[in-house]
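Listed below are the residues making up each chain.
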Amino acid sequence: RVCNRLPNSRASVSEKISQSEAGAKVVKEIPGSYGPPLLGVIRDRQDFFNGREEFFKSRMEKYQSTVYRVNMPPGGPFFPDPRVIMLLDAKSFPVLFDTSKVEKRDLFTGTYMPSPDYTGGYRTLSYLDPSEENHGKLKSFCFEVLMMNRERWIPEFQRAAQELWDVLEKELASHGRAGFNDASEHMTFNFLCRSVMDRDPAAPGPASLGGDGPSLIKKWIFFQLAPINTIGLPRGVEELTIHTLPLPFSLVKKDYQKLHGFFSTYATRALDAAHKFGLTRDEASHNLLFNICFNTWGGMLILFPSILRLLGRAGAQLHKDLADEVRAAVRAERGGLSMRALESMPLLKSTVYEVMRLEPPVPFQYGRAKQDLVLESHEGFYKVNKGELLGGYQPFATRDPKVFESPEDFLPRRFMGEQGHKLLRYVLWSNGPETESPSLNNKQCAGKDFVVMIARLLVADLFLHYDSFDMEISAGALGSAVSFTSLKKPISF
Ligand code: HEM
């Protein structure tokens, strides 16, 4: 419905440009409805948990629009205002990255924020807007920790990966199948602790985690994300428990203290750098824990199974092509899996980007309008009022048929060549275009380059060890559970 013209008074430069580009175009009212108080929230919440893709798609069809109003879970009465303007196409979505237009304060997990008790009483970096002084200090600290360990990432990853393959091969030999998820969760945590803390999490010592690291972290993350997740309980039970009330921190306090004890005891090298950025050791330790356990480990918990599932489904020819490319690049580097070798694997690079396009591990992003603004989707212009909450379901933006051909298909070569590279600006998993970089002034993932490197390393290391593999998939609590049913070793390499 056409309701008013582009507002003139507060238009920024870019809005003025779109205004002139818009010519005679008009600003439309955003379709959709929040329904009656509480009832509307409950109805939308139930629809969402019945299947989120269908939830978004059915409303897109109903309103004939990729921008509309809807309640996003969890919502009242015990969670904050759930009214959101959803952005579901590649054109409108990037407004969420523009920190001159949207505020990102306390929106990391969505319309609600877990109690800061979960993070040592601090609002950790992920919850801060770049306009807050601590954002720059904490992001600099995060960059510093990544930098100070740059020589360790590749060798420590390969060491932990070797242990992973050994475990999986043994399990395959004795049971005919080998579960990837549990084993890779331990592998990832070992890799991160050894790299950053120079220590095995299970090594004996006053703050040792034994083999409990991954389960402690999973429980801590689950308690924070429970309001927007399902765990397979009957719908009605979930509705009345985890989706209605925030879970109290007291139930995971001991687990968190154990994890924090490990970080504050052994992350000496990283924490010694905290004062350079004007941070106390205590605040730095809780942020480091969050970066490593929530951002990094939690991200890989989702990403690694996605990579393997999509690779596994793609079949033997892709496996062969990847193995050939990886082995040739490593040979050219005299046997080493270096950064240079990883850079010279165009198919592998494109394959990893394609996984991240099709299944961005963090699917939701939010931002609150800092001012009245005009949004643009493929269909037209929409007026947003200052203070309104914008949300994006990223898989719809990165599977936008107006940008990507066969958007639902896994096409490993999609990002190869000149034309392919041009599409990288529509890959958004890091909360920003793949062609841009995280900085102190934006909210793009601090670990962007690191994540891409690790994802490439996983695939490269896999195909250094094996020619091909077969697997089975089942539904896991947090994404897909992958089990290998074969790992085919090369005759010679
Ligand atoms: C922010 C994704 C790994 C550190 C983000 C955001 C996303 C994201 C989507 C933006 C959230 C928002 O504000 O709406 C991922 C994924 C990862 C991953 C999918 C792995 C698969 C990492 C790693 C690090 C990291 C390895 C640390 C070194 C951060 C930090 C922020 C952030 C500090 C907040 C940035 C800021 O406040 O400016 N990440 N991330 N992430 N990520 Fe990552």
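Look above for the structure.
Residues numbered from 1 in each chain as written. Predicted model: local features only at pLDDT ≥ 70, side-chain atom pairs only at ≥ 80, totals over all residues. Heavy atoms only, no water.

(A) Quick look at the packing of aromatic side chains. Going through the model one piece at a time under the given rule, you end up with 39 aromatic pairs. Summarising the aromatic geometry, the rings of Phe262 and Phe263 are spaced 5.9 Å apart at their centres and angled 85° between planes, so their arrangement reads as edge-to-face. Take Phe263: its relative accessible area is 0%, and that puts it in the buried class. Each ring, one from Phe364 and one from Tyr393, has its centre 5.1 Å from the other, and the planes form 40°; the classification is tilted. Placement of the pair is Phe364 in strand β7 (residues 364–369) and Tyr393 in strand β10 (residues 389–393), with a sequence separation of 29 residues. Overall, Phe364 belongs to the buried group, its relative accessible area being 15%. (Phe/Tyr/Trp six-rings, centres within 6.5 Å; stacked < 30°, edge-to-face > 60°. Buried < 20%, exposed > 50% of the residue type's maximum accessible area, 1.4 Å probe, protein only. Helix = DSSP H or I, 4+ residues; strand = E, 2+ residues; numbered from the N terminus.)

(B) Layout of the site of the ligand. With respect to spatial proximity, 26 residues lie near the ligand, and among them His135, Lys139, Thr296, Lys443 and Cys445 are the closest. One of the side-chain N or O atoms of His135 is found 2.7 Å from an oxygen atom in the ligand. In the environment of the ligand, an oxygen atom lies 2.8 Å from a nitrogen or oxygen atom belonging to the side chain of Lys139. Within the residue set of the shell around the ligand, elements represented by two or more residues are α4 (133–148), α11 (281–314) and α17 (448–465). With 5 residues, α11 is the largest single contributor of residues to the shell around the ligand. When grouped by side-chain class, the residues that make up the shell around the ligand number 12 nonpolar, 11 polar and 3 charged. (Near = heavy atom within 4 Å. Polar contact = N/O pair within 3.5 Å; in protein donor to acceptor, adjacent residues only side chain to side chain. Nonpolar A, V, L, I, M, F, W, Y, C, P; charged D, E, K, R; others polar.)

(C) Structural context of the packing of helix α9 (residues 253–266) against α11. Close contact between α9 and α11 brings their axes to 10 Å; oriented N to C, the two are set at 110°. When the axes of α9 and α11 are compared, the pair comes out roughly perpendicular. The segment α9 lies against α11, with Tyr256, Leu259, His260, Phe263 and Ser264 engaging Asp282, Ser285, His286, Leu288, Leu289, Ile292 and Cys293. Among the residues forming the contact of α9 with α11, the class breakdown is 7 nonpolar, 4 polar and 1 charged. (Axes fitted to C-alpha atoms, helices over the stretch in contact; angles between N-to-C directions. Parallel < 35°, antiparallel > 145°, perpendicular 65-115°, else oblique. Contact = heavy atoms within 4.5 Å.)

(D) Structural detail: the coordination of the iron atom of the ligand. Donation to the iron atom of the ligand from the protein comes from one atom only, Cys445 (SG), at 2.3 Å. The residue Cys445 is located in the loop between α16 (417–422) and α17 in this model. (Donors = N, O, S within 2.8 Å, 3.2 Å for Na, K, Ca; no water.)

(E) Seen up close, unusual backbone geometry. Omega for the bond connecting Pro73 with Pro74 falls within 30 degrees of zero, at 10°, which places this linkage in the cis form. In this structure, Pro74 sits in the loop between β3 (67–71) and β4 (83–87). Across the junction of Gly76 and Pro77, the peptide omega takes the value 5°, indicating a cis bond. Following the sequence through the fold, Pro77 ends up in the loop between β3 and β4. Even without glycine at this site, Arg334 takes up a positive phi of about 55°. The class of Arg334 is exposed, set by a relative accessible area of 80%.

(F) Region of the structure containing the packing of helix α14 (residues 346–358) against α17. At a closest axis distance of 10 Å, the pairing of α14 and α17 adopts a crossing angle of 115°. Crossing handedness for the pair α14 and α17: right-handed. Contact residues: α14 offers Leu348, Lys349, Val352, Tyr353 and Met356, while α17 offers Val451, Val452, Ala455, Arg456, Val459 and Ala460. When the residues that make up the contact of α14 with α17 are grouped by side-chain class, the tally is 9 nonpolar, no polar and 2 charged. (Left-handed = near helix turned anticlockwise from the far one by under 90°.)

(G) Spotlight on helix α7 (residues 213–225). If you check α7, its first and last C-alpha atoms are 18 Å apart, about what 13 residues at 1.5 Å a residue would give, namely 18 Å. Taken residue by residue, α7 has Gly213, Pro214, Leu216, Ile217, Trp220, Ile221, Phe223, Gln224 and Leu225 as its buried positions. Contacts from the buried residues of α7 go to α6 (180–197), α9 and α11. (Expected span 1.5 Å × (residues − 1).)

(H) Molecular detail of the sheet that holds strand β12 (residues 479–488). Taken in spatial order, the 3 strands line up as β6-β12-β11 in an open sheet, and their pairing is antiparallel. At either margin of the open sheet sits one strand with a lone partner, and together these are β6 (178–179) and β11 (468–476). Here 9 bridges tie β11 to β12, and the two strands are oriented antiparallel to one another. The residue bridging Asp470 from the neighbouring strand is Ser486, located in β12. Of the strands in this sheet, β6 and β12 touch helix α5 (residues 153–175), which is tilted by about 75° from β12. (Pairing = 2+ DSSP bridges.)

(I) A look at α5. In this model α5 runs 32 Å from its N-terminal to its C-terminal C-alpha over 23 residues, within 8% of the 33 Å that 1.5 Å per residue would give. Along α5, the residues that are buried comprise Trp153, Ile154, Glu156, Phe157, Ala160, Ala161, Leu164, Trp165, Leu168 and Leu172. Immediately beyond the C-terminal end of α5, within one or two residues, lies Gly176, with a positive phi of roughly 80°.

(J) Spatial organisation of the sheet that holds β7. Read from one edge of the open sheet, 5 strands run β3-β4-β10-β7-β5, paired in mixed fashion. On the outer flanks of this sheet lie β3 and β5 (102–103), each paired with one strand and no other. Set on the sheet, helix α3 (residues 52–63) makes contact with β3, β4, β7 and β10; between it and β3 the angle comes to about 130°.

(K) Just the pairing of strand β8 (residues 373–376), in detail. Taken together, the 4 bridges between β8 and strand β9 (residues 381–384) define a ladder with antiparallel strand orientation. Within β9, the residue paired with Leu375 across the bridge is Tyr382. If you look at the hairpin formed by β8 and β9, you'll find 4 residues sitting between the two strands.

(L) Region of the structure containing a nonpolar patch on the surface. On the surface, Ile231, Leu233 and Val237 cluster together into a nonpolar patch covering about 220 Å² of accessible area. Following the sequence through the fold, Ile231 ends up in the loop between α7 and α8 (235–240). (Patch = residues over 30% accessible without salt bridge, like charges linked within 9 Å, V, L, I, M, F, W, Y side chains within 5 Å. Areas by Shrake-Rupley, 256 points an atom, 1.4 Å probe, with all protein chains shown as cover. Salt bridge = Lys/Arg side-chain N within 4 Å of Asp/Glu carboxyl O.)

Coordinates in, geometry out; function isn't part of it.
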